[in-house]
Every structure is written in C-alpha cells, then in structure tokens.
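Observations on the model geometry
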Amino acid sequence: MTDTTSPTSSKTRAGFVAIIGAPNAGKSTLVNRMVGAKVSIVTQKVQTTRFPVRGVAIEGDTQIVLVDTPGIFSPRRRLDRAMVRSAWAGSEDAEATVHLVDVQAELASRADKATPGEYRSAQDVQTIIEGLKAANRKVILALNKIDGIKRDTLLAVAKDFFDTGVYSDVFMISASTGAGVEDLTAKLVSLMPEGPWLYPEDQTADLPARLLAAEITREKVYLRVHEELPYAATVETTAFEERKDGSVRIEQTILVEREGQRVIVIGKGGQTLKWIGQASREELCEILDRKVHLFLHVKVKENWAEERGLFSDIGLDFDV
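The following paragraphs examine the structure supplied in this document. (Residues numbered from 1 in each chain as written. Predicted model: local features only at pLDDT ≥ 70, side-chain atom pairs only at ≥ 80, totals over all residues. Heavy atoms only, no water.)

1. Topic: the packing of aromatic side chains
Quick note on the threshold: Only centres within 6.5 Å qualify two rings of Phe, Tyr or Trp (six-membered ring in Trp) as a pair; their planes then separate them into stacked at under 30 degrees, edge-to-face at over 60, and tilted for everything else. A ring is scored as having a charge over it whenever the NZ atom of a lysine or the CZ atom of an arginine sits within 6 Å of its centre and within 35 degrees of its normal.
Per the stated rule, a full pass over the model turns up 1 aromatic pair. On the basis of an interplanar angle of 80 degrees and a centroid distance of 6.3 Å, the ring pair of F161 and Y167 is categorised as edge-to-face. Sitting over the face of the ring of F161, R110 holds its NZ or CZ atom 5.9 Å from the ring centroid.

Given below as structure tokens:
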C-alpha cells in the first residue's frame, strides 16, 4: 500500500504548532498566511474562531500542522469557558506554541490611549502570561501588527515580554503583509520532529466540508452586520448533498437569540440575507471547486449557545 501522506524524501518532519493569543490578535490571519490558503475565518469582530482549526503548511520536507485556537480571554458564559479550555488544550498537545500579541493594542494600553477593545486585549495578554507561568511553560512570542512602529519601540516591548521568563524566542511580524513570517516559519520548521507527514500533500485544512461551509457563512454574517449584531449568531449546515452533475446543494440555518436580530440578518426586503448568501456561495464555489447551490434560513433560538449538541459538533467540551 502506497503512503500518500509523505513526499519522496526519507527525512521528512511533521508536527503540531498551536497559535494562542487574545481575541483579535491576528491568529487566523497568521494561519491563513502560513498555509497559503483560506483556513480560518477572518473578520473585524474579535473572538470569531470558536474551535481549533488545523491548517497544514508545507516548507520543503517539513509539514507544520497549525492549530488556530480560540482566543484566550476572561470567559463569561459556558461557550466562552469551552473555547478557552479548548485553546489551552490545543497548546498543551503541540510540539511548539506561538503566543501572538497585538503590539498596537499593547502600546496603546501602555500610553493610556487604548480603546476598550485594545485595553481588554492587553489584559488578556497578561492572563495568558500568568497561565504560562503557572504551568511553568516557555513558548515563542510573536509581536504582530508591527507596521509603522519604530524599531526601538518594538525592541523595548520585546524586552519587557522576554523578561517575564515565559518566552524562548521573540519574533516581530505582520501577519497581514507577511513581514517577518518567513523567519518565524523557519524556527518552527527546526522544532518539528522527524517522521512521516500527517496529511496528504494537497490538503490545507483538517475541517469537514459541512463545518467549513458553516464557518464561511458565519464570517459573511459578521462582515455584513458586525455593527449591529453581537456574538449572538451561529450557522448550522443542515444539509450537504452531492449532486449527480458534480455540484453540491447546501442548506444552512443562521441561529440568532432574538427576533430583532433575525430582522437585522434578513435586512430590508431580504437584501442583507441575499448579500450574505451570495458572498458565501461565491467563496464556497472557489474553495470546493464546484458549483454550489446555497439556501439560507434565519431562525430565532434563544438558548442556542447552551445546547450540548452544538458543543459536540464543533469539538468543544460542554461540561466546563
């Protein structure tokens, strides 16, 4: 039987790297950058990654499985607690961990010029550092969003973080432009153990198509109504049917917690829902490389975030 997961070279490497950080630190953007394909959803909303998404990056003879974890923050509800636990678990099981920090938010907080979101981000960073200290762990620090910041300023921030004692290396990067990402990737390659590849060469993500489709649509929901809609929506793929002509028929339900939110998602004359459906359909056609027939419904379900089935569907622990 032929091994389809490894290249021809006998000295291959493969391993897992967890990307942890506060919400909106840029974890999904970094994973997408390193993989070279759309793996995680990226929106201007913080806390959009609800479960670990594995992106598969290849560098020469090395395969790096990047685990884009949910942001680590101060949880308030059951779903929050499950997401935070999932993030820490993803880090503990990996060969290496990268702590991604939004340096713009950090500097704004230090200068007392931070927005509420930036201030929370800086607080969450401290929570992660305390967690690493308590676990007696060392990880790699990546200062993200370095664009436009003077090098002396970056070096001072890097020293402050390094002096906490929880970091083995420090990298300065811009996940959005790619600056510094190559050096970070080279470091991760050096940490991967020898062994066969874990995924086929042409696979960029470990994510079922039904779940990927739901994530893409959820991204479009937040992109369109991020001003009006809090974190009170999710998307379920209720049908995923392969058709004889090679196309796929997908039915999805957008769940919201209140009637007013349903009205927002649908929009005047159904225009908002139409935009979401069209944007999601176009991207799914590109990712799945086939014609997609997408049908969206919006349903009010007040306690959707407290249902055990939702947690098991996306790989989170309900009993937290």
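2. Examining the sheet that holds strand β8 (residues 233-242)
Rules: Note: two strands are recorded as paired if DSSP finds a minimum of 2 bridges between them. Labels follow the DSSP assignment, with helices taken as runs of H or I lasting at least four residues and strands as runs of E lasting at least two, numbered in each case from the N terminus. Under this scheme, a helix contributes an axis fitted over its contacting stretch, all axes are lines through C-alpha atoms, and angles between N-to-C directions fall in the 0 to 180 degree range.
Taken in spatial order, the 3 strands line up as β8-β9-β10 in an open sheet, and their pairing is mixed. In this open sheet, the two strands that pair with only one neighbour each are β8 and β10 (292-300). Looking at each pair of strands side by side, their axes are set apart by 20 degrees on average, direction ignored.

3. Comments concerning the pattern of salt bridges
Side-chain pairs of opposite charge can arise where the charged atoms are in close proximity. The condition that has to hold: Any carboxyl oxygen of Asp or Glu within 4 Å of a side-chain nitrogen of Lys or Arg constitutes a salt bridge here. Throughout, exposure labels follow a simple rule: accessible area from a 1.4 Å probe, protein chains only, divided by the maximum for the residue type, with under 20% read as buried, over 50% as exposed, and the rest as partly exposed.
A full pass over the atoms with the stated rule returns 12 salt bridges. Taking the shortest distance from any N to any O, the salt bridge between R110 and E106 comes out at 3.2 Å. Separated by 4 residues within a single helix, R110 and E106 lie in helix α3 (residues 103-110), roughly one turn from each other. Overall, the relative accessible area of 6% leaves E106 in the buried class. Across the pair E215 and R218 runs a salt bridge, and its minimum N-O distance is 3.0 Å. Here E215 pairs with R218, and both are found in helix α7 (residues 209-225), just 3 residues apart, close to one helical turn. Residues E215 and R218 agree in their burial class; the two are buried. Overlapping salt bridges, with partners in common, bring together E106, R110 and D160 in one network.

4. Remarks on the side chain of R218
Note the threshold: The definition of a polar contact used here is a pair of N or O atoms within 3.5 Å, where within protein one atom must be able to donate a hydrogen and the other to accept one, and adjacent residues in sequence count solely through side-chain atom pairs.
Look at R218 and you get buried, because its relative accessible area is 3%. Here E215 takes part through its side chain, which lies 3.0 Å from a polar atom of the side chain of R218.

5. Observations concerning the packing of α3 against helix α4 (residues 116-134)
Selection rule: Roughly parallel here means an angle under 35 degrees, roughly antiparallel means over 145, roughly perpendicular means 65 to 115, and every remaining angle is called oblique. Whether two residues are in contact is decided by their heavy atoms, any of which lying within 4.5 Å being enough. When residues are grouped by polarity, Ala, Val, Leu, Ile, Met, Phe, Trp, Tyr, Cys and Pro land in nonpolar, Asp, Glu, Lys and Arg in charged, and all others, Gly among them, in polar.
Contact geometry for α3 and α4: axes closest at 8 Å, N-to-C directions at 100 degrees. Between α3 and α4, the angle is such that the two are roughly perpendicular. Judged by residue contacts, A105, E106, A108 and S109 of α3 engage E118, Y119, S121, A122 and V125 from α4. Of the residues belonging to the contact of α3 with α4, the class tally is 5 nonpolar, 2 polar and 2 charged.

6. Let's talk about α7
To keep it simple, the criterion reads: By this rule, a helix spans an expected 1.5 Å times one less than how many residues it contains.
If you check α7, its first and last C-alpha atoms are 25 Å apart, about what 17 residues at 1.5 Å a residue would give, namely 24 Å. Of all 17 residues in α7, 13 are buried, a share of seventy percent or more.

7. Quick look at unusual backbone geometry
Although it is not a glycine, D112 sits at a positive phi angle of roughly 60 degrees. When you line up the elements, D112 lands in the loop between α3 and α4.

8. Remarks on the environment of I173
Among the secondary structure elements, I173 is positioned in the loop between β6 (167-172) and α6 (181-191). The buried category is assigned to I173, whose relative accessible area is 0%. With residues near it in sequence (within four places) discarded, I173 still touches L30, L100, A142, L143, N144, K145, I146, A179, G180, V181 and L184.

Note that every value here comes from positions in space, so none of it alone points to a role or purpose.
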